[in-house]
Amino acid sequence: MPVHVSFQGPGLWYATRATGLVAFLLLTLCVVLGLVTVVRFTTAKLPRFVTVGLHRNTSLLAVVFLALHVLTTVVDSYTSIALSAAFIPFSSHYRTFWLGLGAVASDLLLALIVTSLVRLRLGFRSWRMIHWLAYVCWPVALVHALGTGTDPATPWMSAMAVLCVACVVCAIGWRLANGWPARKGLRLGVAAATVAAVLALGAWAWSGPLAPHWSQRALGARSADLGGK
């Protein structure tokens, strides 16, 4: 049976938004650090072991805020969201698709953390293949954040999303400029895919989360029939 403990109040609603936002910012920092670390970025004042350690600690901190985000979401009685919905994608009756993306991102992030903790047993090659999931986790989390909330059209949320996308795109550019020197075709392909993804994201955001009445549209028929708010 699904586990659901209920409390209610504006504090929990703000806590859910705040913890989700912080978790995403930390995930963004994690992705950026991962991209610059993989090409052995280092300076006199910032040796590689510092960026590697910061990357690891940021990842763990992101999981902490993810757990708080899930907890405050589940216990808030404003909506009826079971704990299982945080880990089983598309099982929630409230904003089914958008919360489902959040569950996908959560599962991917947890898989990254768990496999990193047992990296020596997995072997470097297996761990590295699984670690590529980070490049899927981040955009899924971004679409979840924009699609499920009521804040995307606010200036501060729009600015945060643009800043996060810009940071990741710059990190990808750094990775392409300093990595895979013998694979020009692969670098061009990744660059083209990145540009296409950013344009697609912008077009979707403009016609979706940034458009009027998105909060009601995002509920979906299933949520509306069940009285979702």
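Quick notes on the rules
Residues numbered from 1 in each chain as written. Predicted model: local features only at pLDDT ≥ 70, side-chain atom pairs only at ≥ 80, totals over all residues. Heavy atoms only, no water. Helix = DSSP H or I, 4+ residues; strand = E, 2+ residues; numbered from the N terminus. Buried < 20%, exposed > 50% of the residue type's maximum accessible area, 1.4 Å probe, protein only. Contact = heavy atoms within 4.5 Å. Areas by Shrake-Rupley, 256 points an atom, 1.4 Å probe, with all protein chains shown as cover. Phe/Tyr/Trp six-rings, centres within 6.5 Å; stacked < 30°, edge-to-face > 60°. Axes fitted to C-alpha atoms, helices over the stretch in contact; angles between N-to-C directions. Parallel < 35°, antiparallel > 145°, perpendicular 65-115°, else oblique. Left-handed = near helix turned anticlockwise from the far one by under 90°. Nonpolar A, V, L, I, M, F, W, Y, C, P; charged D, E, K, R; others polar. Expected span 1.5 Å × (residues − 1). Core = buried A, V, L, I, M, F, W, Y, C linked by side-chain atoms within 4.5 Å.

*Asks:* Mind laying out the overall build of the chain, listing which residues take part and the relevant values?
*Replies:* The helix and strand inventory of the chain stands at nine helices and zero strands. Listing the helices and strands of the chain from first to last along the sequence gives α-α-α-α-α-α-α-α-α. Every one of the 229 residues in the chain was classed for burial, and the buried ones make up 40%. For the chain, the proportion of contacts with a sequence separation of at least 24, taken over those separated by at least 6, is 67%. Put simply, the chain shows about 13000 Å² of open surface, and 73% of that area lies on carbon and sulfur atoms.

*Asks:* So what about the packing of aromatic side chains? Which residues, and what values?
*Replies:* Inspection of the entire model under this criterion finds six aromatic pairs. An angle of 65° between the planes, with centres 5.4 Å apart, marks the rings of Trp98 and Trp214 as edge-to-face. Of this pair, Trp98 sits in helix 3 (residues 96-117) while Trp214 sits in helix 9 (residues 214-225), and the two are 116 residues apart along the sequence. Since its relative accessible area comes to 10%, Trp98 is described here as buried. Residue classification places Trp214 among the buried positions, given a relative accessible area of 8%.

*Asks:* Kindly report on the packing of helix 3 against helix 5 (residues 124-131), identifying the contributing residues and their values.
*Replies:* Contact geometry for helix 3 and helix 5: axes closest at 10 Å, N-to-C directions at 165°. Considering their axes alone, helix 3 and helix 5 lie roughly antiparallel with respect to each other. As helix 3 packs across helix 5, the resulting crossing turns out to be left-handed. The residues of helix 5 that touch helix 3, namely those facing Leu112, Thr115 and Ser116, are Trp127, Ile130 and His131. Residues of the contact of helix 3 with helix 5, tallied by class, amount to three nonpolar, three polar and no charged.

*Asks:* Lay out helix 8 (residues 184-207) in plain terms, naming residues and giving numbers.
*Replies:* For helix 8, which comprises 24 residues, the first-to-last C-alpha distance of 35 Å matches the rise-based estimate of 34 Å (1.5 Å per residue) to within 8%. Looking at helix 8, one finds that the buried residues are Thr194, Leu201 and Ala205. The elements touched by buried residues of helix 8 are helix 6 (134-148) and helix 7 (155-178).

*Asks:* Can you explain the packing of helix 6 against helix 7? Please cite residues and give values.
*Replies:* Running from N to C, helix 6 and helix 7 cross one another at 170°; their axes reach a closest spacing of 12 Å. When the interaxial angle is binned, helix 6 and helix 7 end up roughly antiparallel. Contact residues: helix 6 offers Trp138, Leu142, Ala145 and Leu146, while helix 7 offers Met157, Ala161, Cys164, Val165 and Val168. Residue composition of the contact of helix 6 with helix 7, grouped by class: nine nonpolar, no polar and no charged.

*Asks:* Account for the side chain of Thr148, with residues named and values stated.
*Replies:* Mapped onto the elements of the fold, Thr148 is located in helix 6. Judged by its relative accessible area of 16%, Thr148 is buried. Apart from residues lying up to four places away in sequence, Thr148 is in contact with Arg95, Trp98 and Leu99.

*Asks:* An account of unusual backbone geometry is requested, with residue identities and associated values reported.
*Replies:* A negative phi holds for most residues other than glycine; trans holds for most peptide bonds. In the Ramachandran plot, Phe90 falls in the positive-phi region, its phi being about 65° despite a non-glycine side chain. Tracing the backbone shows Phe90 in the loop between helix 2 (48-75) and helix 3. Non-glycine residue Arg95 carries a positive phi angle of around 45°. Looking at the secondary structure, you find Arg95 in the loop between helix 2 and helix 3.

*Asks:* Would you mind going over the nonpolar core in detail, with residue names and values included?
*Replies:* Ranked by size, the top nonpolar core spans 34 residues in total, and within it Phe24, Leu109, Trp138 and Leu142 carry the most contacts. Counting residues per element, this core draws most heavily on helix 7, which supplies nine residues. Apart from residues no more than four positions distant in its own chain, Phe24 is found in contact with Trp138, Ala141, Leu142, Met160 and Cys164. Counting residues in each nonpolar core, the second largest holds five residues, with Ile81, Ala85, Tyr94 and Leu219 among its members.

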